[in-house]
Amino acid sequence: QVQLHESGGGSVPAGDSLRLSCIASARVFNIYTMGWFRQVPGKEREFVASINWNGETSLYADSVKGRFTISRDHGVHALYLTMDNLESSDTGIYYCAGASRFRTLDVTSPLLADYDFWGQGTQVTVSS
């Protein structure tokens, strides 16, 4: 049973944009810090972006800062990642993650260990 479900990935040329969505099956995720991570085979899962429970604070990896935007919509218990000016190095499986330990806190985190709920991933492929 999936509690976080990502969608919106695809194969696009460099310079294009994609919008990833993550829908939570339980509304309690609305009070969790959330994040996006990505991974390619043979490498550790990499932090991309994080957002606090009410969407007022966000954190980005240096590699995506200025190009990606993380946002959330409590009305539909969703998390989004808008990716602009995609580069081939953005290729990977993108995972939505939730951190229950940071519920209702003004906290963002780039640390894998802080997240205890994960989606199944959605593939993003960027051709150069």
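Scroll up to find the structure.
Criteria and thresholds
- Each chain has its residues counted from 1, running along the sequence as written.
- Where local features are concerned, this predicted model is filtered to residues with pLDDT of at least 70; where side-chain atom pairs are given and counted, the filter is 80 or more; whole-chain, interface and lining totals use all residues.
- Side-chain metrics rest on all non-hydrogen atoms present in the structure, leaving aside hydrogens and water.
- What makes a salt bridge here is a side-chain nitrogen of Lys or Arg within 4 Å of a carboxyl oxygen of Asp or Glu, nothing more.
- Where helices and strands are cited, they refer to DSSP runs of H or I of at least four residues and of E of at least two residues respectively, numbered from the N terminus.
- Relative accessible area decides the class of each residue, using a 1.4 Å probe on protein chains only: under 20% of the type maximum gives buried, over 50% gives exposed, and in between gives partly exposed.
- Strands qualify as paired when DSSP identifies two bridges or more between them.
- Only the stretch in contact is used when fitting a helix axis, every axis being a line fitted to C-alpha atoms; angles between N-to-C directions are given from 0 to 180 degrees.

Enquirer: So what exactly am I meant to see when it comes to the pattern of salt bridges here?
Expert: Side-chain pairing between opposite charges can occur once the charged atoms of the two side chains come close. Per the counting criterion, the structure on display carries six salt bridges. Taking the shortest distance from any N to any O, the salt bridge between R67 and E87 comes out at 3.7 Å. Residue R67 is found in the loop between β6 (58-60) and β7 (68-73), and its partner E87 is found in the loop between β8 (78-83) and β9 (92-99); the two are separated by 20 residues along the sequence. The exposure class of E87 is partly exposed, given its relative accessible area of 34%. In this structure, R101 engages D114 in a salt bridge whose closest nitrogen and oxygen atoms are separated by 2.8 Å. With a gap of 13 residues between them, R101 in the loop between β9 and β10 (117-118) and D114 in the loop between β9 and β10 connect regions that are remote in the sequence. Accessibility expressed as a relative area gives 52% for R101, which makes it exposed. Here the salt bridges share partners, and the residues they tie into one network are R38, E46, R67, E87 and D90.

Enquirer: Even after reading the chapter, I still don't get the sheet that holds strand β3 (residues 18-24), so can you show me in this structure?
Expert: Within a sheet, each strand pairs with its neighbour through backbone hydrogen bonds, oriented either parallel or antiparallel. Read from one edge to the other, the open sheet built from four strands follows the order β1-β3-β8-β7, with strand pairing classed as antiparallel. At either end of the open sheet lies a strand with only one pairing partner, and these are β1 (4-7) and β7. Strand-to-strand twist across the sheet, computed as the mean angle between neighbouring axes with direction ignored, equals 15 degrees. Inspection of the sheet shows β3 paired to β8 by six bridges, in the antiparallel sense. Looking at the pairing, L20 lines up with L81 of β8.

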